[in-house]
Amino acid sequence: MSSQIFRSASKAARSLRSASAFRSSRFYSEGRTAAAAAAVSFSGKLPILASAYGRTGSGNAYNGWVSGALALPAAVYMLQEQEAHAAEMERTFIAIKPDGVQRSLIAEIISRFERKGFKLVAIKIVVPSKNFAEKHYHDLKERPFFNGLCDFLSSGPVVAMVWEGEGVIKYGRKLIGATDPQKSEPGTIRGDLAVVVGRNIIHGSDGPETAKDEINLWFKPEELVNYTNNAEKWVYGDN
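Residues numbered from 1 in each chain as written. Predicted model: local features only at pLDDT ≥ 70, side-chain atom pairs only at ≥ 80, totals over all residues. Heavy atoms only, no water.

Going by the annotation in an unreviewed UniProt entry, the name recorded for the protein chain is Nucleoside diphosphate kinase, with Tripterygium wilfordii given as the source organism. Entered under Sequence similarities (unreviewed entry) in the UniProt record, the comment concerning the protein chain runs "Belongs to the NDK family." Quoted verbatim from the Cofactor (unreviewed entry) field of the UniProt record, the comment on the protein chain reads "Mg(2+)". (UniProt positions renumbered as here; feature names shortened; annotations may be inferred.)

If you want it as structure tokens, here you go:
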């Protein structure tokens, strides 16, 4: 009986996770309802558990099963709530180029995104191959500077990141500044930390489709983390 309840809980969790419509607010509410229904369903089986374990002489075991069975739907709900919250947030790809890494600007750049209120959900340091760099800059293949751009990106370590938050793609570009540091406003990353176009220290996705493609190029799905940051209620509030 215990294994049956655990299998039912796992099935409920997988069912909620696999529902693509769960991404919308309407089905997010239905996810709450499903979790509540699961709780009622499991609690209805508690008398059976009680008879199986016996109320007398094994009160601790029974109480443990009661709390455990009731906690399962709650855990399912909490997992789905975090995933739904993550689905509502936008994600962008940000890379600190070899010049930014060599100039020890990693912490400075990360802190600017964190201070804004964005959340880091993936990060790694890699040395891209020339072929990989060409895939990253594929949309600039016809430009005369394409080859030099790829040579530079593959010349040393790159810190690849995925940041999450409301409007993170558009505002991430504002944080970065114009491609030409000379035209970047003071207060932006390039405006404060870079001098010439060829060494502008950072890359950021310029739109939703680009962000999706670049994240898929640089990261495997399992490398992206869904979690709730305790500071989010102070960034977004309850609305």
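Asker: Is there a simple way to think about the overall build of the protein chain in this case?
Answerer: Within the protein chain, the regular secondary structure consists of 12 helices and 4 strands. Here the protein chain, with 239 residues, has 39% of them falling under the buried criterion. In the protein chain, the share of contacts with a sequence separation of at least 24, taken over all contacts with a separation of at least 6, comes to 77%. If you sum the accessible surface of the protein chain, you get close to 13,500 Å²; carbon and sulfur atoms cover 54% of it. (Helix = DSSP H or I, 4+ residues; strand = E, 2+ residues; numbered from the N terminus. Buried < 20%, exposed > 50% of the residue type's maximum accessible area, 1.4 Å probe, protein only. Contact = heavy atoms within 4.5 Å. Areas by Shrake-Rupley, 256 points an atom, 1.4 Å probe, with all protein chains shown as cover.)

Asker: Honestly, the side chain of Arg91 in this entry has me stumped. Any pointers?
Answerer: Along the chain, Arg91 turns up in strand S1 (residues 90–96). A distance of 2.8 Å separates the side chain of Arg91 from the side chain of Glu164, its partner in a polar contact. Among the polar contacts made by the side chain of Arg91, one reaches the side chain of Asn226 at a distance of 2.7 Å. (Polar contact = N/O pair within 3.5 Å; in protein donor to acceptor, adjacent residues only side chain to side chain.)

Asker: Just checking my understanding: could you explain the sheet that holds strand S3 (residues 158–165) for this structure?
Answerer: In a beta sheet, neighbouring strands pair by backbone hydrogen bonds and run either parallel or antiparallel. The strand order across the open sheet built from 4 strands is S2-S3-S1-S4, with neighbouring strands paired in antiparallel fashion. The sheet is open, and its two borders are formed by strand S2 (119–126) and strand S4 (202–204), each paired with just one other strand. On average, each strand axis in the sheet is inclined to that of its neighbour by 20 degrees, with strand direction left out of account. Summarising the sheet, S1 and S4 pair through 3 bridges and their orientation is antiparallel. Note that in S4 the partner of Ile94 across the bridge is Gly204. Set on the sheet, helix H6 (residues 106–116) makes contact with S1, S2, S3 and S4; between it and S3 the angle comes to about 10 degrees. Across the sheet, helix H9 (residues 168–176) touches S1, S3 and S4, and the angle it forms with S1 is around 30 degrees. (Pairing = 2+ DSSP bridges. Axes fitted to C-alpha atoms, helices over the stretch in contact; angles between N-to-C directions.)

Asker: Even after reading the chapter, I still don't get H9, so can you show me in this structure?
Answerer: In an α-helix, one full turn covers 3.6 residues, which means residues spaced three or four apart are oriented alike. Considered for burial, the residues of H9 that qualify are Val168, Ile169, Gly172, Leu175 and Ile176. Considered in projection along H9, the buried side chains sweep an arc of 115 degrees and stay on one side of the axis. Exposed side of H9, more than 90 degrees from the buried face: Lys170 and Lys174 are the residues found there. Buried residues along H9 sit against S1, H6, S3, helix H10 (189–193), S4 and helix H11 (208–218). One or two residues past the end of H9 sits Gly177, with phi positive at roughly 100 degrees. (Arc of directions from axis to C-beta.)

Asker: What am I meant to see in the pattern of salt bridges here?
Answerer: Side-chain pairing between opposite charges can occur once the charged atoms of the two side chains come close. Scanning all chains against the criterion turns up 7 salt bridges. The partner of Glu164 in a salt bridge is Lys119, with the nearest N and O atoms 3.1 Å apart. Here Glu164, found in strand S3, pairs with Lys119, found in strand S2; they are 45 residues apart in sequence, far enough to count as distant. In this structure Glu164 comes out as buried when scored by relative accessible area, which is 2%. Taking relative accessible area as the criterion, Lys119 reaches 5% and is therefore assigned buried. The shortest N-O distance in the salt bridge between Lys130 and Asp151 comes to 2.9 Å. A residue pair is termed long-range when its members are at least 10 positions apart, and Lys130 in helix H7 (residues 130–136) and Asp151 in helix H8 (residues 146–153) qualify at 21 residues. Classification of Lys130 by relative accessible area gives partly exposed; the value is 29%. Asp151 gets classed as partly exposed once you look at its relative accessible area, which sits at 37%. Through salt bridges with shared partners, a single ionic network connects Arg91, Lys119, Glu164 and Glu232. (Salt bridge = Lys/Arg side-chain N within 4 Å of Asp/Glu carboxyl O.)

Asker: Where do I start with the layout of surface pockets in this structure?
Answerer: Empty space among the atoms becomes apparent when a probe as large as a water molecule is rolled across them. Taken as a whole, the largest pocket holds about 660 Å³ of empty space. Together, 27 residues line the largest pocket, and Tyr137, Asp139, Leu140, Leu149 and His203 are the ones closest to its centre. Of all the secondary-structure elements, those providing two or more residues to the lining of the largest pocket are H7, H8, S4 and H11. Element by element, the count of residues in the lining of the largest pocket is highest for H11, at 4 residues. When its residues are assigned to classes, the lining of the largest pocket shows 7 nonpolar, 10 polar and 10 charged. (1 Å grid on protein atoms, 1.4 Å probe; cavity = no way out; pocket = protein on both sides within 12 Å on 5 of 7 lines; lining within 4 Å. Points joined across faces, edges and corners; volume = space filled by probe spheres on them. Nonpolar A, V, L, I, M, F, W, Y, C, P; charged D, E, K, R; others polar.)

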